[in-house]
Amino acid sequence: MSQTRKLFIKTYGCQMNVYDSERMAEALGGQGYVQTDSAEGADMILLNTCHIREKAAEKVYSELGRFRELKDANPELRIGVAGCVAQAEGEEIMRRQPLVDLVVGPQSYHRLPQLEARARAGQKALDTDFPEEDKFDHLTARPKARRAPAAFLTVQEGCDKFCAFCVVPYTRGAEVSRPAARVMSEARDLVERGVREITLLGQNVNAYHGHEGGLAGIIRELATIDGLERIRFTTSHPNDMDDALIAAHGEVDKLMPYLHLPVQSGSDGVLKAMNRKHSAESYLRLIERIRAARPDILLSGDFIVGFPGETEADFQATMDLVEAVEYGQCYSFKYSPRPGTPAAERAHVDEATKDDRLQRLQALLKRQQRAVQDRMVGREVGVLFERPGRAAGQMVGKSDHLHSVFVESSDLVAGDLRRVRITGSAANSLAAELV
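Attention here is on the structure that accompanies the text. Think of each chain on its own: its residues are numbered from 1, step by step along the sequence as written. With pLDDT at 70 or above as the cut-off, local features in this predicted model cover only qualifying residues; side-chain atom pairs require 80 or more to be listed or tallied, and sums for whole chains, interfaces and linings still use all residues. Neither water nor hydrogens contribute to the side-chain values; these are computed over all heavy atoms in the structure.

Secondary structure follows DSSP: runs of H or I at least 4 residues long count as helices, runs of E at least 2 residues long count as strands, and numbering of each begins at the N terminus. From N to C terminus, the chain includes 14 helices and 19 strands. Radius of gyration (C-alpha) of the chain: 22 Å, near the 22 Å computed for a compact globule of 435 residues. Here the chain holds 435 residues, and 56% of them are scored as buried. Contacts spanning at least 24 positions in sequence make up 71% of the contacts within the chain whose residues lie at least 6 apart. Method for areas: the Shrake-Rupley scheme with a 1.4 Å probe, in which residue coverage is limited to the protein chains shown. When the accessible surface of the chain is summed, it comes to about 18,700 Å², and 49% of that surface belongs to carbon and sulfur atoms. Throughout, radius of gyration means the C-alpha value; the globule benchmark is 2.2 Å times the number of residues raised to the power 0.38. The buried label applies to any residue whose accessible area, calculated with a 1.4 Å probe on protein chains only, is under 20% of its type's maximum; exposed applies above 50%, and partly exposed to all values in between. Only heavy atoms matter for contacts: two residues are in contact if any of them lie within 4.5 Å across the pair.

In structure tokens form, the structure reads like this:
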């Protein structure tokens, strides 16, 4: 029997990295590793990195520096860097930070057992290839332990859109879809272990083509699984929101009334500079069609302010689009250059202007979010309860619309799916009572 070792994984960034970290832990389980919540006392530390935000690599080096004392105290400790920063800067990481033993890109982590064995033998291990084999075919079977009631399931990776600000096509590669049979098998396995809600993940998830019916087709097939009560998906591109997927929102009861559909800007000039291949008008008409299919849908989006060349008029166009859509949730950021992307070479908007625009945009988005939440008061919705709240006798869950909902009840347990009536609206959550 292999020796038990402790594995600490720190995950940065998106939901796909959360999913990847789970699969990395499973891949190393056969080597005797069990996860721990602390870097102290760990036998292996993995940083699963994200390259989306500014100075992502420098933050990784800073984090690695904090582990030097742990490495000095335990020379057998192995330290690895995974994810998108690893893919972008693998050899540089090895050169700049000698305490790193292994580096693995997001398409190669099925090879972690072999890389770990090399690192354990005192060799440096680097793998940032885009292998021809499907990594999911080579991962160990997921353990049968009981799972939380909601889980992520990656169905698509990579992106072919090449937005001018984005590193994903370079760090995750071209669009690849998992075959429908494998998606269905993993989904059934998750449900057998207590999962009642699955969120389908992809860098451009609605470009999924592993099912003959596309993303709508796999959603409809997933909806036939007994015990799977809720389906969501993220992140989408407006250009891949086809008729079948819009129809699914109105016809598949298990597909939740929540859609994250990033637009990034309301200015056609900025959208063209971003290489987004859609216009503000086409986005608004798409929103109209989606709401016609599912009138109660809650919309979420992403916005970048201060993109190179953005004028005050461009920014006002973004504010106008936000006013027209009325989002229930949103994510907004100042533009920050990503090395190697086309936009990084362009003249930048000054930081003071970016700060001012971001504050104005976020103030509007916050008002919209609160207004949407306030209108929920008095309505009945479904809530999947996930964990106890801070107060005794309180349970917290996610509504159909992905709002956090708190209920006072001593009868609820994680995994319960119940109807509630919303009784109050706070800054980032809703209060409710059981119906």
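Moving on: the state of the cysteines. For the purposes of this analysis, a disulfide is any pair of cysteine sulfur atoms at a distance within 2.5 Å. Applying the stated rule across the entire model yields zero disulfides. Distance from the sulfur of Cys84, which forms no disulfide, to the nearest cysteine sulfur (Cys50) is 6.2 Å. Taking relative accessible area as the criterion, Cys84 reaches 9% and is therefore assigned buried. Cysteine Cys330 shares no disulfide, and the gap to the nearest cysteine sulfur, in Cys163, comes to 16 Å.

All right, on to the nonpolar core then. Where a protein is soluble and globular, its nonpolar side chains tend to be buried together. Joining through side-chain atoms within 4.5 Å is the link that ties buried Ala, Val, Leu, Ile, Met, Phe, Trp, Tyr and Cys residues into a set, and such a set is a nonpolar core. Leu200, Phe233 and Tyr327 are the most contacted members of the largest nonpolar core, which totals 54 residues. If near-sequence neighbours (up to four positions away) are discounted, Tyr327 is found in contact with Val263, Tyr283, Leu299, Ser300, Gly301, Phe303, Leu321, Val322, Leu365, Gln368, Gln369 and Val372. Core analysis: the next-biggest nonpolar cluster, separate from the first, contains 20 residues, Leu47, Leu64, Phe67 and Met94 among them.

Salt bridges are counted wherever a side-chain nitrogen of Lys or Arg sits within 4 Å of a carboxyl oxygen of Asp or Glu. The tally for this structure, following the rule as stated, stands at 38 salt bridges. Here Glu157 and Arg172 are joined by a salt bridge, their closest N and O atoms 2.9 Å apart. You can see Glu157 sitting in strand β8 (residues 156-157) and its partner Arg172 sitting in the loop between α7 (168-171) and β9 (176-177), a full 15 residues away along the chain. When its relative accessible area of 6% is taken as the criterion, Glu157 is described as buried.

On to the packing of aromatic side chains. Aromatic pairing here means that ring centres of Phe, Tyr or Trp (its six-membered ring) are within 6.5 Å. Orientation follows from the plane angle: under 30 degrees is stacked, over 60 is edge-to-face, and everything else is tilted. Following the criterion strictly, the structure yields four aromatic pairs and no others. Ring centres of Phe165 and Phe307 lie 6.4 Å apart, and the angle between their planes is 85 degrees; on these two criteria the pair is classed as edge-to-face. Pair noted here: Phe165 is in the loop between β8 and α7 and Phe307 is in the loop between β13 (298-305) and α13 (312-325), with a separation of 142 residues, a long-range link. Given a relative accessible area of 0%, Phe307 falls into the buried group. Either the NZ atom of lysine or the CZ atom of arginine qualifies as a charge over a ring when it sits within 6 Å of the ring centre and within 35 degrees of the ring normal. Taking NZ or CZ as reference, Arg96 lies 3.8 Å from the ring centre of Tyr61, over its face.

The next point concerns the environment of Ala352. Relative to the assigned elements, Ala352 resides in helix α14 (residues 351-376). In this structure, the C-alpha to C-alpha distance between Ala352 and Leu200, residues 152 residues apart in sequence, is 38 Å.

What follows covers the sheet that holds strand β7 (residues 150-154). One bridge is not enough; two strands pair if DSSP finds at least two bridges between them. Pairing within the open sheet is parallel, and its three strands lie in the order β7-β10-β11. Of all the strands in the sheet, the pair left with one neighbour each is β7 and β11 (230-234). Within this sheet the neighbouring strands show an average axis-to-axis angle of 25 degrees, counted without direction. Where β7 meets strand β10 (residues 197-201), five bridges bridge the pair, whose relative direction is parallel. Its bridge partner lying in β10, Ala151 is registered against Ile198. Geometry is summarised by axes, namely lines fitted to C-alpha atoms with helices restricted to the contacting stretch, and by angles between N-to-C directions that run from 0 to 180 degrees.

Checked against the element boundaries, Ala280 lands in helix α12 (residues 280-293). When its relative accessible area of 11% is taken as the criterion, Ala280 is described as buried. The sequence separation of Ala280 and Leu321 amounts to 41 residues, and the corresponding C-alpha distance is 7.4 Å. Not counting residues within four places of it along the chain, the set of residues in contact with Ala280 comprises Gly266, Asp268, Leu271 and Leu321.

On to the side chain of Lys354. Take Lys354: it is sitting in helix α14. If sequence neighbours within four positions are ignored, Lys354 has contacts with Val305, Gly306, Lys334, Tyr335 and Val349.

Let's shift gears to helix α8 (residues 180-192). For α8, with 13 residues, the first-to-last C-alpha span of 18 Å sits near the 18 Å given by 1.5 Å per residue. Inspection of α8 places Ala180, Val183, Met184, Glu186, Ala187, Asp189, Leu190 and Val191 among the buried residues, and these make up the whole buried set. Phi turns positive one or two residues past the end of α8, at Gly194, with a value near 105 degrees. The length a helix should cover is 1.5 Å for every residue beyond the first.

To continue, consider the sheet that holds strand β1 (residues 5-11). Pairing is parallel in the open sheet, where six strands are placed in the order β2-β1-β3-β4-β5-β6. Only two strands of the sheet have a single partner each, and these edge strands are β2 (33-35) and β6 (125-127). Strand-to-strand twist in this sheet, taken as the mean axis angle between neighbours without regard to direction, amounts to 20 degrees. Here three bridges tie strand β5 (residues 102-104) to β6, and the two strands are oriented parallel to one another.

Across the interface, helix α1 (residues 15-29) lies against helix α5 (residues 112-120) with an axial gap of 8 Å and an inter-helix angle of 60 degrees. As for how α1 packs across α5, the hand of that crossing is right-handed. In this structure, α1 uses Met24, Ala27 and Leu28 to contact α5, whose residues at the interface are Leu112, Pro113 and Glu116. Its residues assigned to classes, the contact of α1 with α5 shows five nonpolar, no polar and one charged. For a crossing to be left-handed, the near helix must be turned anticlockwise from the far one by less than a right angle; the clockwise case is right-handed. Residues are sorted three ways: Asp, Glu, Lys and Arg are charged, Ala, Val, Leu, Ile, Met, Phe, Trp, Tyr, Cys and Pro are nonpolar, and all the rest, Gly among them, are polar.

The periodicity of an α-helix, 3.6 residues per turn, causes residues three or four places apart in sequence to face the same way. Under the 1.5 Å per step criterion, the end-to-end length of α12 is 20 Å for 14 residues, consistent within 8% with the ideal 20 Å. Residues of α12 that are buried: Ala280, Tyr283, Leu284, Leu286, Ile287 and Ile290. Buried residues of α12 fall within an arc of 160 degrees about the axis and therefore sit on the same side. Those residues of α12 hidden inside the fold are in contact with α10 (243-251), β12 (258-260), α11 (268-274), β13 and α13. Read the arc as the range of directions from the helix axis to the C-beta atoms.

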